[in-house]
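Residue-level structural notes
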Amino acid sequence: MRSYVSKVATTIELPSRDTRKAALDDAGYNVFNLDAADVFVDLLTDSGTGTMSDAQWGAMFEGDEAYAGSESFARFQTAVSEVMGFEKVVPVHQGRGAENVLYGALVEEGDHVINNTHFDTTRAHVANAGGVAVDCPVPEARDLDSDAPFKGNFDLGAARSHVDEVGAENVPVVVLTITNNSAAGQPVSIENTRAVAAFAEEIDATFVVDACRFAENAYFVRERESEFADWSVADIAREQLRYADAIVMSGKKDALTNIGGFVGVRDQDLFEVAKQRAILYEGFPTYGGLAGRDLDAMAVGLREAVEYDYLDHRIGQVRELATKLSEAGLPVFEPVGGHAVYVDAGELLPQIPDAEFPGQALVCELYREGGVRAVELGSFAFHGTDRPEFVRMAVPRRTYHREHFDHVAETAAAVADRREELRGYEIVGEPAMPELRHFSAALRPVE
Ligand code: F0G
């Protein structure tokens, strides 16, 4: 059994109820606008919010800050190659930097990109490159009652119908997001990965894996796909990524760092274009907008992320939180995914229509009640897409303890007890790009 202890202590305080109420009002009922100091348990995201290991901090002291060709880059490149099987790698500042570098190179005006489900920044980058983002999740992705083992899978039938409609020549990229963050962090099987790779080849598209949570996905494959029951998670991770022509990676997830990301490719010509785009937007291709020490932290973190005991502890924490929330009376999406617990706010708050954002109502109330910050991933975040009214409580890696999860569960129980009193919200100001509105839109309670 694996566990972690704290070596550096950070103080957190629960602000008073009045302070929380005023803070939420000042934030325009959008928790992205809160000061983190006003948050007690922060489950906004698992991205870059985790705790690095002593080995990672130690490696950072050896960071080589040479502008070009640093030793840190060489160590990083070796780790990506050994852990993920990609030798041609371009570091970037974070996952969306990778999306910009890669999708900017592959997607042209009017192209369609098919994904099991686009994450919000992915959708925005496809749109920014002039493309159309098409989601093809399997139907059970939105079925709370199904205990299907791989609800994150890509629906090949739906993808084929789309290709028949728009023509294969207009679909240059097929993406598989593992785990499927926007579909409750559900895993994708290797069987599905192989089939998607074959489909991409058939239509002559580049097959990209969004590998942010590739290690968590490998843990589920080992647990649920019988072919791999005796494999190490490290071998499973490499097997799954073997089928991809390219990967985009946010190091802030399964490289266990606070910043960083990268693109991995196999094709030499694509590598050259990616490097040029990196120089334009990120930095010279051996540092990509990062310090050398950040590359060292990712190199060590990638190896830690594919240790079975690390993943067992990590996914165990997420499952423990889910059990507590379910006991508190929240409709929790099952089976529980890798990095977060997803709650169906539509089911909890049937009196609030989707257009008045039941998920956002729950998010606001969790904060007001207990200083807990979650995030809406329903109609507010995914404007115009037909999906459940999810609220996500993401668990930062190696950071919180049982007492924090108990506090979240007590908060949730208090909110669930007076769910009938909750009312919806309306938007009063929003940014130009609808794909990004939930990060900065201001809201107010519906009268
Ligand atoms: N792809 C997926 C599947 C993601 O979950 C994220 C980020 C990105 C790409 C972009 O990576 O943040 O490093 O630029 N997800 C975070 C989240 C922000 O909260 O789920 P990034």
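Analysis parameters
Residues numbered from 1 in each chain as written. Predicted model: local features only at pLDDT ≥ 70, side-chain atom pairs only at ≥ 80, totals over all residues. Heavy atoms only, no water. Domains from an automatic or database assignment. Contact = heavy atoms within 4.5 Å. Buried area = accessible area lost by both parts, 1.4 Å probe. Helix = DSSP H or I, 4+ residues; strand = E, 2+ residues; numbered from the N terminus. Buried < 20%, exposed > 50% of the residue type's maximum accessible area, 1.4 Å probe, protein only. Lys, Arg positive; Asp, Glu negative; His and termini not counted. Salt bridge = Lys/Arg side-chain N within 4 Å of Asp/Glu carboxyl O. Polar contact = N/O pair within 3.5 Å; in protein donor to acceptor, adjacent residues only side chain to side chain. Core = buried A, V, L, I, M, F, W, Y, C linked by side-chain atoms within 4.5 Å.

A word on the domain arrangement of the protein. Each assigned domain of the protein is listed here: domain 1 (17-39 + 308-445) and domain 2 (54-305). Taking only C-alpha atoms, the centre of domain 1 and the centre of domain 2 are 26 Å apart. With 32 residues of domain 1 at the contact, the number on the domain 2 side is 37 residues. Across the domain 1 to domain 2 interface the summed buried area is about 2900 Å²; carbon plus sulfur atoms make up 58%. When residues of domain 1 are sorted by the area they lose upon contact with domain 2, Leu311, Phe333 and Arg397 head the list and together hold 20% of the total.

Along the chain, the position of Asp155 falls in the loop between strand 4 (132-135) and helix 6 (156-166). The side chain of Asp155 is buried and forms no salt bridge, while Arg160, the nearest opposite charge, is found at 8.4 Å. At 3.0 Å, the side chain of Asp155 forms a polar contact with the backbone nitrogen of Gly157. Among the polar contacts listed, one links the side chain of Asp155 to the backbone nitrogen of Ala158, at a separation of 3.1 Å. Not counting residues within four places of it along the chain, the set of residues in contact with Asp155 comprises Cys136, Pro137, Val138 and Pro139.

Further remarks concern the nonpolar core. Counting 59 residues, the largest nonpolar core has Leu43, Leu321, Leu325, Leu330, Leu362, Met393 and Val408 as the members making the most contacts within it. Elements represented by at least two residues in this core include exactly helix 1 (17-26), helix 12 (308-327), strand 9 (340-344), helix 13 (345-348), helix 14 (358-370), strand 11 (375-377), strand 12 (390-394) and helix 15 (402-417). For this core, the leading source of residues is helix 14, giving six residues. In contact with Leu330, not counting residues within four places along its chain, are Leu325, Val343, Leu348, Met393, Ala412 and Ala416. Membership of the second largest hydrophobic core comes to 58 residues, among which are Phe73, Val89, Ala159 and Ile247.

Of note, the amide linkage connecting Ile178 to Thr179 takes the cis form, showing an omega dihedral of -20 degrees. The residue after Glu334, namely Pro335, is reached through a cis peptide bond having omega -10 degrees. Within the secondary structure, Pro335 sits in the loop between helix 12 and strand 9. Of note in the backbone geometry, Asp204 takes a positive phi value of approximately 60 degrees without being a glycine. Within the fold, Asp204 resides in the loop between helix 7 (190-202) and strand 6 (206-210). The exposure class of Asp204 is exposed, given its relative accessible area of 69%. A positive phi angle is found at Arg398, which is not glycine, with a value near 55 degrees. Secondary-structure assignment places Arg398 in the loop between strand 12 and helix 15.

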